[in-house]
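A structural walkthrough
Listed below, chain by chain, are the residues.
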Amino acid sequence: MAQSFAGPPYDLDDLIPELSVFRRRTTLLFPKSGSPEVRESSLGGPMLWPADEPWPSCEQQGHWAWPNEKSPAGTVSMVPVVQLFARDVPAFSFPEGMDVLQLVWCPLIHPQDQACAALPKLYWRGEAEVLTTGLLRDIPSPQEGEYEEEFMPNPCAVSPTLVVEYPNWDLPQELRRTLQPRIEELEERFGMEYTRLACALQNKVGGYPAWNQPPDWPVCERGHRMEHLLSVTPEEDLDMVMGDLGGIYLFLCRQCPELPYAHRYDC
Ligand SMILES: [Zn+2]
Ligand SMILES: [Zn+2]
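Keep in mind that this is a model prediction, so the values were computed, not measured.

**Observations concerning the coordination of the zinc ion (ligand 1)**
At the metal site, the zinc ion (ligand 1) is ligated by Cys58 (SG), His63 (ND1), Cys106 (SG) and His110 (NE2), and these contacts range over 2.0 to 2.3 Å. Given 4 donor atoms and angles of 104 to 114° at the metal, the environment of the zinc ion (ligand 1) is assigned as tetrahedral. Counting along the primary sequence, the residues that act as donors to the zinc ion (ligand 1) give the motif C-x4-H-x42-C-x3-H. Here His63 is found in the loop between strand S4 (57–58) and strand S5 (76–77), whereas its partner Cys106 is found in strand S7 (residues 100–106), with 43 residues between them in sequence. On the accessibility criterion, Cys106 (0% relative accessible area) is buried.

**Here we look at helix H3 (residues 173–190)**
When the local axis directions of H3 are compared, the greatest deviation, roughly 60°, occurs at Gln180, which is followed within four positions by the proline Pro181. Within H3, the full set of buried residues consists of Leu175, Arg176, Leu179, Ile183 and Leu186. Considering only its buried residues, H3 is in contact with helix H1 (12–15) and helix H4 (194–198). Of the residues flanking the end of H3, it is Gly191, one or two places downstream, whose phi is positive at about 60°.

**Quick word on the coordination of the zinc ion (ligand 2)**
Protein coordination at the zinc ion (ligand 2): the donors are Cys220 (SG), His224 (ND1), Cys253 (SG) and Cys256 (SG), at 2.2 to 2.3 Å from the metal. Around the zinc ion (ligand 2), the 4 donor atoms sit at angles spanning 97 to 122°, and that spread fits a shape best called tetrahedral. Sequence spacing among the residues donating to the zinc ion (ligand 2) works out to C-x3-H-x28-C-x2-C. With Cys220 in the loop between strand S11 (204–206) and strand S12 (227–232) and Cys256 in the loop between strand S13 (247–252) and strand S14 (261–266), the pair connects residues that are 36 residues apart, well separated along the chain.

**As for the packing of aromatic side chains**
Under the counting rule described, the total for this entry stands at 9 aromatic pairs. Arranged with centres 5.4 Å apart and planes meeting at 80°, the rings of Trp211 and Tyr249 form a pair that is edge-to-face. With Trp211 in the loop between S11 and S12 and Tyr249 in strand S13, the pair connects residues that are 38 residues apart, well separated along the chain. Judged by its relative accessible area of 2%, Trp211 is buried. A cation over an aromatic ring shows up here: Arg125 above the ring of Trp49, its NZ or CZ 4.2 Å from the ring centre.

**Things to note about the nonpolar core**
Formed by 34 residues in total, the largest nonpolar core has its most connected members in Trp105, Trp124, Leu229 and Leu230. Put simply, the parts of the chain that give this core at least two residues each are strand S6 (79–85), S7, strand S8 (119–125), S12 and S13. Ranked by residue count, the leading element in this core is S6, at 4 residues. Not counting the four nearest positions on each side in its chain, Trp124 is found in contact with Phe92, Phe94, Pro95, Met98, Val100, Leu101, Leu229, Leu252 and Leu259. Counting residues in hydrophobic clusters, the runner-up holds 26 residues, among them Phe22, Tyr194, Ala210 and Cys256.

**What to know about the pairing of S12**
Of all 6 residues that make up S12, 5 are buried, and the element is covered over most of its length. Summarising the sheet, S11 and S12 pair through 2 bridges and their orientation is antiparallel. Bridge pairing in S12 links Val205 to Leu230. Here S12 runs beside S13; their pairing, made up of 5 bridges, is antiparallel. Its bridge partner lying in S13, Val232 is registered against Ile248.

**So, the environment of Leu201**
Examined against the element boundaries, Leu201 turns out to sit in the loop between H4 and S11. Remark: the alpha-carbon pair of Leu201 and Glu235, spanning 34 residues in sequence, is separated by 9.5 Å.

**Considering the confidence of the model for the chain**
Taken residue by residue, the chain gives an average pLDDT of 90. The fraction at 70 or more is 94%. Considering each helix and strand of the chain separately, the mean pLDDT is smallest for H1, with a value of 86, and largest for strand S3 (residues 42–43), with 98.

Rules behind the numbers
Residues numbered from 1 in each chain as written. Chains lettered and ligands numbered in written order. Predicted model: local features only at pLDDT ≥ 70, side-chain atom pairs only at ≥ 80, totals over all residues. Heavy atoms only, no water. Donors = N, O, S within 2.8 Å, 3.2 Å for Na, K, Ca; no water. Tetrahedral: all angles 85-135°; square planar, octahedral: opposite > 155°, others 65-115°. Helix = DSSP H or I, 4+ residues; strand = E, 2+ residues; numbered from the N terminus. Buried < 20%, exposed > 50% of the residue type's maximum accessible area, 1.4 Å probe, protein only. Bend = angle between axes of the 7 residues up to and from the residue. Contact = heavy atoms within 4.5 Å. Phe/Tyr/Trp six-rings, centres within 6.5 Å; stacked < 30°, edge-to-face > 60°. Lys NZ or Arg CZ within 6 Å of the ring centre and 35° of its normal. Core = buried A, V, L, I, M, F, W, Y, C linked by side-chain atoms within 4.5 Å. Pairing = 2+ DSSP bridges. pLDDT = per-residue confidence, 0-100.

See below:
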């Protein structure tokens, strides 16, 4: 279970000036069990979904849930995971004309995928436009046997908190070697590994992924390296265990107009 902390406990670049070029602003979400409303940012809460758009379902063949490992017949309704309104995460820049970010996923095990886990899908919206269209009222939920408990987030309100992050494993190797003695001093002084001082393994938007595994940045079809968009991690109030997963990371390419995205599992 990931331990929440208030983010990097100090500005690392005050202590190691060479890190300042890598500073990135991150918003930590700090999910707490609650009853978020449809027009509030949330994890696992109700979503602002336009009435004229069907709720997404997963069509992958062969996805399954414990304990019977049987694949449900037909499609499976996805579940709300993250909804963020631009007003709650001012440090994060939304694509033009958009002010709502939504992440849903299929809460089953997907054996075709790298880590056998939930399958995420991302949406951008304009709040005013959705409100004009009207809201989808009857959002279906997956039935018994159509979900894996560990990928069903408990509804949580969020407390967005701005921090600064630095790369952990993404720090250029040569620089890492040069800084190593000073990094070790910091680790001793604060009793925390640099990998956790630099960036938080928490639910967050922006910043750096807190890789547990060697970094694995996705590249879009046109060859652009994507940026880290969101981390979804198994914090306590969310009531998700996520097996051995440290988190699911979402990445975005802003250089392509259709805003392609990709995900990675971190074990
Ligand atoms: Zn699925
Ligand atoms: Zn691209």
